[in-house]
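If you want the building blocks of each chain, they are given just below.
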Amino acid sequence: MGELRNEDVYFETRAEQLLFELERTRGLSRRRLLQLAVAGVPLVAALGRFGAPAARAGAAATSPIVKPLPPEWFVNFGSNAEMRWDAVTDLGYTIPNERFFVRDHTSTPIIDAGSWRLRVFGSGLRGAPDLDHAVEFSYRDLQRLPSRTITTAIECAGNGRSFFDTQQHTPAGGTQWHLGGIGVATWSGVPLSNLLERAGIRRDAVDVMPSGLDPTVVSGGVDVGHVRRPLPVSKALDDAILALKMNGTPLSYDHGFPARFVVPGWVGISSVKWVGQIEVSSQPLFSLWNTTQYVLVGPTYTGAPPVTTQTMKSAFELPFFAEFPVGREQVLTGRSWSANAPITRIEVSVDGGTTWEKARRHGPSIPQAWVRWSFPWTPTSKGSLDLRARAADASGMTQPETVPFNTGGYLFGAIVKHPVTVV
Ligand SMILES: Nc1nc2c(c(=O)[nH]1)N[C@H]1C(S)=C(S)[C@@H](COP(=O)(O)O)O[C@H]1N2
Ligand SMILES: [Mo]
């Protein structure tokens, strides 16, 4: 399995990547590819790994993800499932739980909320309790605490990674997401400010580190422990919540039941699922997930800064290589989002970026979520072309033509060229 390079080394990405590319470029169905694989191609070995050992009630024996992943809704990467943008057209502002993308470093655990306890500990709390003397909260305790509801995106840091390869010719290893490593939902739970106050946070606390109860991550034969990513106290106290509900129902297994962090505007890894412990520290905290992974390494970066806030992106609600009849009016739809500031403008180009016209915005534009838009288009000549959409936000940023490379393939915020054919 090679050295630890980025967020996706934990499974056989090359095989999954191959599957993905074949599926995209040849139009072969996943089932057909699996049949081919069973005929003796190395994919079998890769997929076989996903027959995780633990008892996984309700889960297909071969999937680390519990919920069904119908191919018309998802691109299945094994422990990650990408939302297909062409399946979103008829959905509302939020993405229903069963349609939301999944990103697991190992596999989804099934946790009993009755016996589950959240343990909060560390030098940043009054009395500096260690784990054995942690402040404990049961699921019922959390349900009784004041609740806040927010509508916000969770987006993987690597969303859009494949375009580092296909558009900029500098591939970054790992899951070759198109743009479907994002979803917007309404999350309800206890504000971390409230929770940490009750746990006795001190003024000199600097970092908060949630730890997941999913199986520990093993890479290159080394157990690097549970998924855990430190978050500065300032952000935790500002607007982060420990969510118990997603779109009005208790979290589903894949999305962090019984409780997960939701950290608006920050890369997905900050929103740790299946939280079992929270360390509150008066010293900066470090884990693999803010030192080796989810850091920016590349020619334009120095000092490997951790990835924090997300970038700006736009997506058409269309399959790649969609076909349109010449001379007939279409209404193209899509969504744009920025973690920095509200979206102020969306433009579409149907001539390879030479001219741009404004798209029409629809409905809410919630900061750190997204805005929906539409654009009428009548293709005038046959052939292949690419559609482009670009957004601008209130901070003055506009999506650029290219973005600086980083080895993890994070934060691809450039304009995506969406190939279509007019017939
Ligand atoms: N415990 C735990 N938390 C986790 C992860 C994980 O593997 N384990 N994956 C992270 C990553 S990389 C992302 S992008 C989001 C994905 O959230 P979702 O699966 O609910 O869409 O969860 C984050 N929280
Ligand atoms: Mo992620």
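Preceding this paragraph is the structure being described.
Residues numbered from 1 in each chain as written. Chains lettered and ligands numbered in written order. Predicted model: local features only at pLDDT ≥ 70, side-chain atom pairs only at ≥ 80, totals over all residues. Heavy atoms only, no water.

S.K.: Can you walk me through the packing of aromatic side chains in this structure?
M.R.: According to the stated counting rule, one finds 18 aromatic pairs in the structure shown. Between the aromatic rings of Phe 164 and Phe 405, the centroid separation amounts to 5.8 Å while the plane-to-plane angle is 85°, which identifies the pairing as edge-to-face. With Phe 164 in helix α5 (residues 162–166) and Phe 405 in the loop between β23 (383–393) and β24 (418–422), this residue pair connects regions lying 241 residues apart in the sequence. Of the residues examined, Phe 164 reaches a relative accessible area of 0% and is grouped as buried. In this structure Phe 405 comes out as partly exposed when scored by relative accessible area, which is 22%. Members of the aromatic cluster, each reached through a chain of ring pairs, are Phe 163, Phe 164, Phe 320, Phe 321, Phe 405 and Phe 412. Here the guanidinium or amino end of Arg 390 rests over the ring plane of Trp 356, the centre of that ring lying 4.0 Å away. (Phe/Tyr/Trp six-rings, centres within 6.5 Å; stacked < 30°, edge-to-face > 60°. Helix = DSSP H or I, 4+ residues; strand = E, 2+ residues; numbered from the N terminus. Buried < 20%, exposed > 50% of the residue type's maximum accessible area, 1.4 Å probe, protein only. Lys NZ or Arg CZ within 6 Å of the ring centre and 35° of its normal.)

S.K.: Quick question: what am I supposed to make of unusual backbone geometry here?
M.R.: With the exception of glycine, the majority of residues adopt a negative phi angle, and the majority of peptide bonds are in the trans configuration. Following Phe 257, the chain continues into Pro 258 via a peptide bond in cis, with omega recorded as 5°. The phi dihedral of Asn 247 is positive, around 50°, even though this residue is not glycine. Not every positive phi belongs to a glycine, and Trp 274 is a case in point at roughly 50°. Looking at the element boundaries, Trp 274 is found in the loop between β14 (260–262) and β15 (275–281). Trp 274 sits in the buried class, given a relative accessible area of 2%.

S.K.: Could you clarify how one ought to interpret the site of ligand 1 in this entry?
M.R.: Residues in contact with ligand 1 amount to 20 residues; listed here are only the nearest, Phe 101, His 105, Asp 214, Arg 260 and Lys 273. Here an oxygen atom of ligand 1 and a backbone polar atom of His 105 are 2.7 Å apart. At 3.1 Å, a backbone N or O of Ser 271 approaches a nitrogen atom of ligand 1. Out of a free accessible area of 540 Å², ligand 1 has 100% covered by protein chains. Across the shell around ligand 1, the residue classes break down as 10 nonpolar, 5 polar and 5 charged. (Near = heavy atom within 4 Å. Polar contact = N/O pair within 3.5 Å; in protein donor to acceptor, adjacent residues only side chain to side chain. Areas by Shrake-Rupley, 256 points an atom, 1.4 Å probe, with all protein chains shown as cover. Nonpolar A, V, L, I, M, F, W, Y, C, P; charged D, E, K, R; others polar.)

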